[in-house]
Amino acid sequence: MTLFDTREQAFEMKHAKDAEKQFRALARRARLLGDWAAKQLGLTGDAAKAYSREVVIAHLDDTDSACITQKLLSDLAGRVEADAIHAKVAEYRREARKRPRATD
């Protein structure tokens, strides 16, 4: 194996690790948003967990914030202002980047 092959392999491994880290951060953000929204809806116990899972699944369908934001806007209509929802999305994005482990 040449030096260039080794270097290429190292870059590929770094890219894969960075992509996994990014995915975990986005999944954590989705879970935090789901937990917050469940509280806003007055859900507790299994219903809150199920709703949080729905938000995470929305993240899996589209890793962009738009899909999750649209879901929260429609689910929380009349309960929470749109500005507050956008603020929570931004807040949890920052928090998830600090601690990207989705299992916390």
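A brief report on the enclosed structure follows. (Residues numbered from 1 in each chain as written. Predicted model: local features only at pLDDT ≥ 70, side-chain atom pairs only at ≥ 80, totals over all residues. Heavy atoms only, no water.)

**Describing the side chain of H59**
If you trace the backbone, H59 turns up in helix α2 (residues 45-61). Sequence-distant contacts of H59, that is, excluding residues within four places in its chain, are made with F23, L26, A27, A30 and I68. (Helix = DSSP H or I, 4+ residues; strand = E, 2+ residues; numbered from the N terminus. Contact = heavy atoms within 4.5 Å.)

**Topic: the nonpolar core**
Among the nonpolar cores identified, the biggest contains 17 residues, and W36, I68, L72 and L76 are the most heavily contacted of them. Breaking this core down by element, the ones donating at least two residues are α1 (3-41), α2, α3 (65-75) and α4 (82-98). It is α1 that provides the largest number of residues to this core, a total of 6 residues. Aside from chain neighbours lying at most four places away, what touches W36 is L76, V80, I85, K88 and Y92. (Core = buried A, V, L, I, M, F, W, Y, C linked by side-chain atoms within 4.5 Å. Buried < 20%, exposed > 50% of the residue type's maximum accessible area, 1.4 Å probe, protein only.)

**Re the pattern of salt bridges**
Counted under the stated rule, the structure contains 7 salt bridges. Between R31 and D35 there is a salt bridge, with its nearest N and O atoms 3.5 Å apart. Of this pair, R31 and D35 both sit in helix α1, 4 residues apart, which is roughly one turn of that helix. Across the pair E91 and K88 runs a salt bridge whose closest N-O atoms are separated by 3.4 Å. (Salt bridge = Lys/Arg side-chain N within 4 Å of Asp/Glu carboxyl O.)

**Concerning the packing of α1 against α2**
Where α1 contacts α2, the two axes come as close as 8 Å, and the packing angle between them is 140°. Accordingly, the angle class assigned to the pair α1 and α2 is oblique. The element α1 and its partner α2 pack so that their crossing is right-handed. Together, F23, L26, A27, A30, R31, G34, D35, A37, A38 and L41 of α1 and A48, Y51, S52, V55, V56, H59 and L60 of α2 make up the contact between the two elements. By residue class, the composition of the contact of α1 with α2 is 12 nonpolar, 3 polar and 2 charged. (Axes fitted to C-alpha atoms, helices over the stretch in contact; angles between N-to-C directions. Parallel < 35°, antiparallel > 145°, perpendicular 65-115°, else oblique. Left-handed = near helix turned anticlockwise from the far one by under 90°. Nonpolar A, V, L, I, M, F, W, Y, C, P; charged D, E, K, R; others polar.)

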